[in-house]
Amino acid sequence: MGFVDLFVVALVPVLKTLIITAVGLFLALERVNLLGSAARHYLNNLVFYIFTPALVASSLAETVTSSNIVSLWFMPVNILLTFIIGSALGWLLVKITRTPIELHGLVISCCAAGNLGNLLLIIIPAVCVEKNSPFGDSVTCSTNGKAYASLSMAIGAVYIWTYIYNIIRAYGVQHNTSTVNIEDSGEVPDLLLSDSCTKLLSSQDRLQSDHMDHEAQLAVPLIGYETTHEGHFVRKIKQHIKIWTQRINFKMLFAPSTIATIVGIIIGVTSLLRKLMIGNEAPLHVIDSSASMLGEAAIPAMTLIVGANLLRGLKKSAVGMWVVIGIQVVRYVAMPLSGICVVKAARHFGLVGSDSLYQFVLLLQYALPSAMTIGTITQLFEVGESECSVIMLWNYALASVALTLWTTYYMWILS
């Protein structure tokens, strides 16, 4: 595959994303006002509860089988490593650039979470059908590539809606609950009332938690006379654990996307359920077909939301230039280099087998732009929305070049 052909293959999906982003920006203009604040909020809820779970479940059920799931065990580990390495680099970035505290979660998330879904689903099949593809037969390559991309998307969705969701929530909830501003007088929409009530309740919960912590601190000197130093140490550990468990929303461990992943894998690996639901001749094929139809709306909806939020980013943004530059360096320089080291080590120890397409997907997971779902999460918490849009704009603008170059290099080292 020549460099020009490869450049076009990598450029087309990124250009599609940028075009849909521009449409979202247009729909958010005041003259059009089809994607205003309330509309984006409701669309986010549809993405979270309906579109993304349908996409994850249908893709996994169709592509993951009992025969290929065992050989893919290293992919969840590899994706977890992308999140760990990216989070460490993002934490260093916010410390170096002195990013505002309410944006720490956003910056760390943009460094940690890559677009493990739609870009892989577009790029991998496109690479497979090329005449000079280094991955062998185009039909086999496309089938295996779709399975790899679907599993990557599902695992990524689980990590994002558990880890990234709670990272943005932990840093943003304090900023949101400390200020409840109603700028316009007159009739207030129901959405604003519900959000304000939620914020006030969260503030009361925090005040109650602070009061309990204060009482615990006052009780420490009295208890210290009656207990040993070891008991005091254990008590302090329990107190810190309690604080962190209150911060982290463990209910998101069973978010709709997580449940959809479990359901999709069960259907895919269970032969009886697979025969009932998967395939044109299956009796219950209409269920899988309906889920696939709903899932197709997830990617455009998320991209439209990012474009709509971009309008606010163009007007005013608290994110600094060095933060934006730092995120691009992390995503397109540090992460891909780290990925080469990880995958080479895994191949050396025999953890990934000899499938070059599988290794290519593992490498590509380190070179992708930030996940679009981050924009959805910032919209849910109403923190860092405009800043996220600015970061995504530069992230995907540079992806057309960076992703192409890394794709070319990955193919070269695997050939």
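Basis of the calculations
- Residues numbered from 1 in each chain as written.
- Predicted model: local features only at pLDDT ≥ 70, side-chain atom pairs only at ≥ 80, totals over all residues.
- Heavy atoms only, no water.
- UniProt positions renumbered as here; feature names shortened; annotations may be inferred.
- Phe/Tyr/Trp six-rings, centres within 6.5 Å; stacked < 30°, edge-to-face > 60°.
- Helix = DSSP H or I, 4+ residues; strand = E, 2+ residues; numbered from the N terminus.
- Buried < 20%, exposed > 50% of the residue type's maximum accessible area, 1.4 Å probe, protein only.
- Polar contact = N/O pair within 3.5 Å; in protein donor to acceptor, adjacent residues only side chain to side chain.
- Contact = heavy atoms within 4.5 Å.
- 1 Å grid on protein atoms, 1.4 Å probe; cavity = no way out; pocket = protein on both sides within 12 Å on 5 of 7 lines; lining within 4 Å.
- Points joined across faces, edges and corners; volume = space filled by probe spheres on them.
- Nonpolar A, V, L, I, M, F, W, Y, C, P; charged D, E, K, R; others polar.

Going by what an unreviewed UniProt entry lists, the protein chain is known as Protein PIN-LIKES 3 and is assigned to Nicotiana tabacum. According to its UniProt record, the protein chain has this under Sequence similarities (unreviewed entry): "Belongs to the auxin efflux carrier (TC 2.A.69.2) family." Quoted straight from UniProt, the Function (unreviewed entry) entry for the protein chain says "Involved in cellular auxin homeostasis by regulating auxin metabolism. Regulates intracellular auxin accumulation at the endoplasmic reticulum and thus auxin availability for nuclear auxin signaling."

(A) Spatial organisation of the packing of aromatic side chains. Per the counting criterion, the structure on display carries 12 aromatic pairs. Seen from their ring centres, Tyr148 and Tyr358 are 5.2 Å apart, and the 45 degrees between their planes marks the pair as tilted. Of this pair, Tyr148 sits in helix H6 (residues 138-178) while Tyr358 sits in helix H14 (residues 356-364); the two residues are 210 residues apart in sequence, bridging distant segments of the chain. In this structure, Tyr148 and Tyr358 share a single accessibility class: buried. These aromatic residues form a ring-pair network of at least three members: Phe48, Tyr49, Trp161, Tyr165 and Phe381.

(B) Local environment of the side chain of Asn78. By the secondary structure assignment, Asn78 is in helix H3 (residues 74-97). Take Asn78: its relative accessible area is 0%, and that puts it in the buried class. Of note is the side chain of Asn78, whose polar atom sits 2.6 Å from the side chain of Gln365. Ignoring any residue separated from it by four or fewer positions in sequence, one finds Asn78 in contact with Val342, Val343, Leu362, Gln365 and Tyr366.

(C) Just unusual backbone geometry, in detail. Notably, Asn33 is not glycine yet its phi reads approximately 55 degrees, a positive angle. Examined against the element boundaries, Asn33 turns out to sit in the loop between helix H1 (3-27) and helix H2 (37-63). Asn33 sits in the exposed class, given a relative accessible area of 51%. Within the chain, Arg98 stands out as a residue other than glycine whose phi angle is a positive 55 degrees.

(D) Region of interest: empty space enclosed by the protein. According to the stated counting rule, one finds 4 cavities of 30 Å³ or more in the structure shown. Estimates place the volume of the largest cavity at around 220 Å³. In this structure, the largest cavity is lined by 19 residues; those nearest its centre are Asn115, Gly117, Met153, Met302 and Thr373. When residues of the lining of the largest cavity are traced back to their parent elements, those giving at least two are H2, H6 and helix H12 (298-315). Sort the elements by how many residues they give to the lining of the largest cavity and H6 lands first, with 5 residues. Per-class residue counts for the lining of the largest cavity are 12 nonpolar, 7 polar and no charged.

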